[in-house]
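Structure at a glance
In case you want the letters, here they are:
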Amino acid sequence: MNFAHNPILAPDIFIPDVEAHVWEDGRMYLYGSFDIQGKASFCSDVHHVYSSDDMIHWVDHGVVFSLADSTWAKDCGALYAPDCAYRDGWYYLYYCVPDGRNGVAKSQSPTGPFVDVGLLEGVWGIDPGVLIDDDGQAYLYWGQLTWGKVAKLKENMVEIEQDSIVECPLTVAEHDFHEGSSVKKINGKYYYLFADTHRHGDPDRPDGRPSCLGYAVSDHPMHGFTYGGV
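So, here is what we can say about the structure in this document.

Each value, and the rule that gives it
- Residues numbered from 1 in each chain as written.
- Predicted model: local features only at pLDDT ≥ 70, side-chain atom pairs only at ≥ 80, totals over all residues.
- Heavy atoms only, no water.
- Core = buried A, V, L, I, M, F, W, Y, C linked by side-chain atoms within 4.5 Å.
- Buried < 20%, exposed > 50% of the residue type's maximum accessible area, 1.4 Å probe, protein only.
- Helix = DSSP H or I, 4+ residues; strand = E, 2+ residues; numbered from the N terminus.
- Contact = heavy atoms within 4.5 Å.
- Polar contact = N/O pair within 3.5 Å; in protein donor to acceptor, adjacent residues only side chain to side chain.
- Pairing = 2+ DSSP bridges.
- Axes fitted to C-alpha atoms, helices over the stretch in contact; angles between N-to-C directions.
- Phe/Tyr/Trp six-rings, centres within 6.5 Å; stacked < 30°, edge-to-face > 60°.
- Lys NZ or Arg CZ within 6 Å of the ring centre and 35° of its normal.

Counting 18 residues, the largest nonpolar core has Y31, F65, V97 and F114 as its most contacted members. Elements that contribute at least two residues to this core include exactly β2 (28–31), β4 (59–66) and β6 (90–96). Here this core takes three residues from β6, the largest share from any one element. If we ignore the near neighbours within four places in the chain, the residues touching V97 are L67, W72, A73, C76, A78, L79 and I126. Listed in part, the 15 residues of the second largest apolar core include Y92, L140, A151 and V158.

Right, here's the structure in full:
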C-alpha cells in the first residue's frame, strides 16, 4: 500500500498560493507562485507546473511562464499567485505582478509553454482566481483587503466586462478577507476560499497578516457571501 506524503512535494520546493485543477486527462495540475530558497522577498519571476495521476508521484514540468515571456511586465520583479482555466482547447494562465497589474497567457497544453496575450485591462490587484460556471459564464476574482473585486470574463477569456465589476464581494470587517481569492461551485453553492486574518493581528488594523484559510458561501457567484469560518 502506498501513502502520499505531506507536504506532497519535496521539502525544498515552495509553491505558495497553489490552485489545483483536474483536467480532461485525469491528472491533477498545480499552479502557484514559485519561491526560491534563500530569496529574501516573496515569489520569483517564473511559474512552474507540477502534475500527478496518483497524488503520490509528482512531475515537475519546469518553467511554463516567466516575466521574460511577458510583453509588458519584464521589469516587474516577480510573479505573484496565478490561476488557470480551460476553454475550447486553450488553457488560460492569469498572472499578476507586485504593482497589481494582471495579464493573461495561453497554451494548448496545461503545462505550457504559455504565450503572453497581454495586459488584462481594468484589473488591478493581486492573486487572480477564475471560476467557469455551469452555464459557461466565466468570472474573475482578484484583489487584496478593501480592493477585492469580481467581474465577468468575456467569452474570449482575455477581457472582462467592465460594467459587470462588483466591488468587495468579501470585506476585511465581515469576512477577515486578506487575499488569495479562489472560488469553487459545489452542489449549487459558491465557496469563496481566501487567506484569512481571523487568527492573527489587531482586529482594528485592516492590514493584519493572514495566518489561516477562511471561506464564505453564497447562492450567487458575485455577491451575498456569508462567512463560514476557518
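Attention shifts here to the environment of S107. Relative to the elements of secondary structure, S107 occurs in strand β7 (residues 101–107). Separated by 18 residues in sequence, S107 and G89 place their C-alpha atoms 8.7 Å apart. If sequence neighbours within four positions are ignored, S107 has contacts with G89, W90, Y91, G112, P113 and F114. A polar contact is formed between the side chain of S107 and the backbone nitrogen of S109, at a distance of 3.0 Å.

What follows covers the sheet that holds strand β1 (residues 19–22). Pairing is antiparallel in the open sheet, where four strands are placed in the order β1-β2-β3-β4. This sheet does not close on itself; its edge strands, each paired only once, are β1 and β4. Adjacent strand axes in the sheet meet at a mean angle of 25 degrees, parallel and antiparallel pairs treated alike. Alignment of β2 against strand β3 (residues 46–52), held across four bridges, turns out to be antiparallel. Paired with M28 across the strands is S52, a residue of β3.

On to the side chain of S107, then. According to the relative accessible area criterion, S107 is buried, its value standing at 6%. A distance of 3.3 Å separates the side chain of S107 from the backbone oxygen of P113, its partner in a polar contact.

Quick look at the sheet that holds strand β13 (residues 177–186) now. On the basis of which strands lie adjacent, the open sheet formed by four strands has the order β13-β14-β15-β16 and antiparallel pairing. Lying at the two open borders of the sheet, with one neighbouring strand each, are β13 and β16 (226–229). Neighbour-to-neighbour, the strand axes of the sheet open up by a mean angle of 30 degrees, direction not taken into account. Two elements, strand β14 (residues 189–196) and strand β15 (residues 212–218), share seven bridges in a ladder whose sense is antiparallel. The partner of Y190 across the bridge, within β15, is S218.

Moving on, we come to the packing of aromatic side chains. Taken as a whole and assessed by the stated rule, the structure comprises twelve aromatic pairs. Here the aromatic rings of Y192 and F225 are separated by 5.3 Å at their centres, their planes lie at 90 degrees, and the arrangement is edge-to-face. One end of the pair, Y192, is in strand β14; the other, F225, is in the loop between β15 and β16, and 33 residues separate them in sequence. A residue is classified by how much of its surface remains accessible, and F225, at 3% relative accessible area, is buried. Of the aromatic side chains, those joined through ring pairs into one cluster are Y141, F177, Y192, F194, F225 and Y227. Here the basic side chain of K106 rests over the ring of W90, its NZ or CZ set 4.3 Å away from the ring centre.

Moving on, we get to the pairing of β15. Buried residues dominate β15, accounting for five of its seven residues. When β15 meets β16, the two strands line up antiparallel, connected through three bridges. When the bridges of β16 are listed, Y215 appears paired with G229.

Structural measurements only, silent on function.
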